[in-house]
Amino acid sequence: MFAIETGVAGNLYRVVLLVHLLLSIAGFGGVLLNGVYAAKAKQRQGPEGLAISEANYGVTGIAEVLILLVPVSGLVLVWASGSAWALSDLWVWLSIALYAAAFA
């Protein structure tokens, strides 16, 4: 039948790793500059400041969804690694714990 090849040398792992990295960059990068947008909106009172704030609000909503997908892609990445990584590995469960602490 149809078998999915896993392992760190496989194409599935590489694609999931790329997705995981892109989600991390776009998600966390999207909210990283919120303070800059707020400062620019404060400098420009009236409709201009409101436009900056509304654009920032829209981008932040998208970034939040991407941030929520980061641990999902990380868990898929652990699965796609075959037996190279496991949830019991220190760095895996510690990264999950740090994400959960930051999320809370």
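These notes cover the structure that comes with them. (Residues numbered from 1 in each chain as written. Predicted model: local features only at pLDDT ≥ 70, side-chain atom pairs only at ≥ 80, totals over all residues. Heavy atoms only, no water.)

1. Examining the overall build of the protein chain
For the protein chain, the count of helices and strands is four helices and zero strands. Mapped from its N terminus to its C terminus, the protein chain presents α and β elements in the order α-α-α-α. For a compact globule of 104 residues, the expected C-alpha radius of gyration is about 13 Å, and the protein chain comes in at 18 Å, more than 25% above that figure. Along the first, second and third principal axes, the C-alpha atoms of the protein chain reach 60 × 30 × 20 Å. In the protein chain, which comprises 104 residues, the proportion classed as buried is 22%. (Helix = DSSP H or I, 4+ residues; strand = E, 2+ residues; numbered from the N terminus. Rg over C-alpha atoms; globule rule 2.2 N^0.38 Å. Buried < 20%, exposed > 50% of the residue type's maximum accessible area, 1.4 Å probe, protein only.)

2. Topic: the packing of aromatic side chains
Think of a pair of aromatic rings as described by two things: how far the centres are apart, and how the planes are tilted against each other in angle. By the definition in use, this model includes two aromatic pairs. Ring centres of Trp 85 and Trp 91 lie 5.2 Å apart, and the angle between their planes is 90°; on these two criteria the pair is classed as edge-to-face. Using a relative accessible area of 31% as the deciding quantity, one classes Trp 85 as partly exposed. For Trp 91, a relative accessible area of 48% gives the class partly exposed. A ring pair is formed by Tyr 99 and Phe 103, whose centres lie 6.1 Å apart and whose planes are at 15°; its orientation type is stacked. Note that Tyr 99 and Phe 103 are positioned in helix H4 (residues 90-103) at a spacing of four residues, about one turn of the helix. (Phe/Tyr/Trp six-rings, centres within 6.5 Å; stacked < 30°, edge-to-face > 60°.)

3. Points about the environment of Glu 54
As for its position among the elements, Glu 54 is in helix H3 (residues 47-80). Residue Glu 54 is classed as exposed on the basis of its relative accessible area, which comes to 51%. Along the primary structure Glu 54 and Ser 24 are separated by 30 residues, whereas in three dimensions their C-alpha atoms are 23 Å apart.

4. Concerning the packing of helix H2 (residues 34-43) against H3
Their axes nearest at 8 Å, the elements H2 and H3 cross at an angle of 165°. Here H3 runs roughly antiparallel to H2, going by the angle between their axes. In the crossing of H2 with H3, the sense of the turn from one axis to the other is left-handed. Residues Asn 34, Tyr 37, Lys 40 and Ala 41 of H2 lie in contact with H3, whose contacting residues are Gly 49, Ile 52, Ser 53, Asn 56 and Thr 60. Residues that form the contact of H2 with H3 fall into these classes: three nonpolar, five polar and one charged. (Axes fitted to C-alpha atoms, helices over the stretch in contact; angles between N-to-C directions. Parallel < 35°, antiparallel > 145°, perpendicular 65-115°, else oblique. Left-handed = near helix turned anticlockwise from the far one by under 90°. Contact = heavy atoms within 4.5 Å. Nonpolar A, V, L, I, M, F, W, Y, C, P; charged D, E, K, R; others polar.)

5. Topic: the environment of Gly 35
Turning to its location among the elements, Gly 35 is positioned in helix H2. A residue is classified by how much of its surface remains accessible, and Gly 35, at 51% relative accessible area, is exposed. With 23 residues separating them along the chain, Gly 35 and Gly 58 place their C-alpha atoms 15 Å apart.

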